[in-house]
Amino acid sequence: MAASGVGLVYDSRMCAHENESDRKHPEQPARITSIYQRLTSAGVVARCVKVEAREATNEELSSVHTQNHVELMKAVSSKSYGKHRRKALASRYDSIFFNNGSSKSALLAAGSVIEVADQVAQGKLKAGAAIVRPPGHHAEADAAMGFCLFNNVAVAAHLLVHKKKELGVQKLLIVDWDIHHGNGTQHMFWSDPQVLYFSVHRFDKGSFYPPGDEGNYDHLGADGGAGYNINVPWPHGQFGDADYLAVWEHVLMPVAHKYNPDMVLISAGFDSAEGDPLGGCRVTPSAYYKMTKQLMEVAEGRVVIALEGGYNLTSTSNSYLACMHALLGDVFPENPTHLSNLLAPTLPLIDRVRNELQQYWSVLSTDQKKTLALKKGVSPLSAYYEEARKGPSQNIEETTKPGSSKEVKGQSMDAIVLTSTTNGVDDDENGYNVATEVAHSSEIVHPSSVGSSKGKTFAASEGIETHYVWYACYGSNMWLPQFMCYIQGGQVEGMVKDCIGCRDPSPPRASLWLTVSNQLFFGCKHSYTWGIGGVAFIDPLPEEDVKTYVHVYKITLEQFKDFFFQENSIMHMENQQFTIDTDLIQSVRNGQPATSHTIFEDRCYGTIIYLGDEDGIPILSFTCSLEDMEKFRSGDLEENIPAAAYEQAVARSLINGMGLSDGEARDYIGNARLSHSTRVT
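Residues numbered from 1 in each chain as written. Predicted model: local features only at pLDDT ≥ 70, side-chain atom pairs only at ≥ 80, totals over all residues. Heavy atoms only, no water.

The protein carries the name Histone deacetylase domain-containing protein in an unreviewed UniProt entry, which gives Sphagnum jensenii as its organism.

Below you can see the structure in the form of structure tokens.
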């Protein structure tokens, strides 16, 4: 029988499962309705073969669950059970709720995944997808757990491999990209070489849900299944497209091709997507498309996607849509990814995973063609990408050696670039590549009115020399998504106004972190872009024993000028008679570090400050005038704490860029206030 297309199963009856005591619980009915609506509006539903949902049978569920658990989950929604008894039962489990629709929903979820997987295995469908809830990968053989009642994917996998041998599925690959480790699935196939389980998830040294060490990379399976359980445990959040795709390239896909499965089931949890409230990672629809597309290279494309987690309705729906485009063979707009976008722990973690698995998978042994002349203690994969990580010229690239310290025109400035290291697990797991945060955050909303090239004067094609400066950011602009709003327009969450963007929307050419001796504090009661609350300033003059973090971006002088006007709420930049040009910068630069030049006396950020040089390029910022600084010190102008959203942007930049914990970042912000310490003269 010839396969007839991509199957899709969805049934609104699965919306009956709901947390009656918390209607805003993240595992809510809107998770599946929003996906189905998004697929419908995109024309995808009409292009798919409708698969009828059905309930799983006792026999099917008992293939991986105990009979007692099956009977209990079927009975919990009955009238005889009652609301109070259901609540008492739920309290026995970890992160579980029940209502009178739970049993039916769970049976439909499991049965629907079984049905679409069966039709793909039979050759009726090329591939398939199941929009189901409740999810399944946390459910154990004898217990509900983590929003999951039955382990939908595990039931379907076990049936195909062990109960329906006539379908010819002798080897099956389960790929779990949910942000949480699929503990239940791992346990169910721990000793089974016919099911290869792969999971990439947050681990956080065993503190991320589900807690414990079972999601670590050294848990490989047992007995005949040794080597058939693969975990890639992220040490924290913020991992994005480049990190996931590197795992695909260097761990999953080499093993998948070698294993050569007859079918692939994806436990598709989209809580790893950017914007998810529980996950904290940054995977975009483009990456989900690519990951799905690569998995279609094995098993002759017999891939089934089954929904697991995902709690931001927009990002989950868009990500699921991207996966459907992959299954349908569509071309999908791709975000450019480069190795320079990798977070620092990624390559060392991949090395550790590969080293653990090499005894089982020779394909993961070091490829001599990719091995450079290595120094002792440098990981092969990290060394291979030593040059590639720097990225093409349009990407943000590293500009200093790790841990270097510089004397800049007499002012000590500690240059900090945190990079990959293999000298210890703590370094690997806590480091960040601050020079390579992803510039295309989906949190940035770009209005159609920005991004114009009008007034652009530094285009190389025009034959005009481009002048660069280092722009030192010490407030919310330290966070790259916020910084990119000023470059390309739009806003991040918490802002009350759109930035109009620079006339040259090119991203910064490079980035590094410094410390300066100018005191950070928060002043003003209101700002144009953030509304009510204080915003960051630094004292134009340095002080003794003061260290303030600054994220320094290499941009054109024209972009710096546009930043200056935007920060001072001057929206018609092309009409300004005043020019920030090389002559002005040179006049400021001829003074000592921390020389300032006030341009707009009536604006909060009307003073340009020169902080020194880096590679012969001036480091500039802007802050309040010396006159206003004296008013802040005397109390004539009040310091004000920042709004929560502004503080969050500053904290995120310090967490991502400097590797601070959330508590350390909050303490740094809380301690940013003026004192009467002696100034450097």
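(A) Examining the environment of S4 more closely. Assignment of secondary structure puts S4 in the segment before β1 (6-10). Taking C-alpha positions, S4 is 9.8 Å from V120, a pair spaced 116 residues apart along the chain. If sequence neighbours within four positions are ignored, S4 has contacts with V49, K124 and L125. (Helix = DSSP H or I, 4+ residues; strand = E, 2+ residues; numbered from the N terminus. Contact = heavy atoms within 4.5 Å.)

(B) Spotlight on the pattern of salt bridges. Evaluation of the coordinates by the stated rule reveals 19 salt bridges. We note a salt bridge from E627 to K631, for which the minimum N-O separation is 4.0 Å. Taken as a pair, E627 and K631 lie in helix α18 (residues 626-634) at a separation of 4 residues, close to a single helical turn. Because the salt bridges share partners, they merge into one network encompassing E27, R31 and R133. (Salt bridge = Lys/Arg side-chain N within 4 Å of Asp/Glu carboxyl O.)

(C) Examining the packing of helix α6 (residues 102-121) against helix α7 (residues 152-163) more closely. Where α6 contacts α7, the axes come no closer than 8 Å and their chain directions differ by 40°. Here α6 lies oblique to α7, going by the angle between them. When you trace α6 past α7, the crossing you get is right-handed. Where α6 approaches α7, its residues A106, A109, A110, V113, I114, A117, D118 and A121 are matched on the opposing element by N152, V153, V155, A156, L159 and L160. Here the residues of the contact of α6 with α7 are counted per class, giving 12 nonpolar, 1 polar and 1 charged. (Axes fitted to C-alpha atoms, helices over the stretch in contact; angles between N-to-C directions. Parallel < 35°, antiparallel > 145°, perpendicular 65-115°, else oblique. Left-handed = near helix turned anticlockwise from the far one by under 90°. Nonpolar A, V, L, I, M, F, W, Y, C, P; charged D, E, K, R; others polar.)

(D) Highlighting the nonpolar core. The biggest cluster of nonpolar side chains holds 124 residues, and the ones touching the most others in it are L39, W177, F198, W248, M263, Y320 and M324. Examining the composition of this core, we find that 12 residues originate from one element, helix α9 (residues 241-259), more than from any other. Contact partners of M324, with chain neighbours within four places excluded, come to V6, L8, L39, V44, C48 and A129. The next biggest cluster of nonpolar side chains, apart from the first, holds 66 residues, and it includes V516, I609, F632 and V650. (Core = buried A, V, L, I, M, F, W, Y, C linked by side-chain atoms within 4.5 Å. Buried < 20%, exposed > 50% of the residue type's maximum accessible area, 1.4 Å probe, protein only.)

(E) Region of interest: the sheet that holds strand β8 (residues 303-307). Ordered in space as β2-β1-β3-β8-β7-β4-β5-β6, the 8 strands form an open sheet in which the pairing is parallel. Each having just a single partner strand, β2 (49-51) and β6 (229-234) make up the two edges of the open sheet. Neighbouring strand axes in the sheet, compared pairwise and without regard to direction, differ in orientation by 15° on average. Bridge count for strand β3 (residues 127-131) against β8 is 3 bridges, and the pairing is parallel. (Pairing = 2+ DSSP bridges.)

(F) Molecular detail of the pairing of strand β7 (residues 263-268). With 6 of 6 residues buried, β7 lies mostly within the body of the structure. The alternating pattern of β7 places M263, L265 and S267 and V264, I266 and A268 on opposite faces, both of which are buried. Direction of pairing for β7 relative to β8: parallel, over a ladder of 5 bridges. In the sheet register, I266 faces β8, and the bridge partner there is I305. Assessed by its sense of winding, the connection that carries the chain from β7 through helix α10 (residues 285-295) to β8 is right-handed. (Right-handed = clockwise from strand over helix to strand, strands pointing away.)

(G) The arrangement of the state of the cysteines in detail. Tallied over the entire structure, the rule returns 0 disulfides. The structure places no disulfide on C499, whose sulfur is separated from the nearest cysteine sulfur, that of C485, by 5.2 Å. Using a relative accessible area of 3% as the deciding quantity, one classes C499 as buried. Counting only cysteine sulfurs, C524 is the nearest neighbor of C624, a cysteine outside any disulfide, at a range of 8.5 Å. You can call C624 buried: its relative accessible area is 1%. (Disulfide = S-S within 2.5 Å.)

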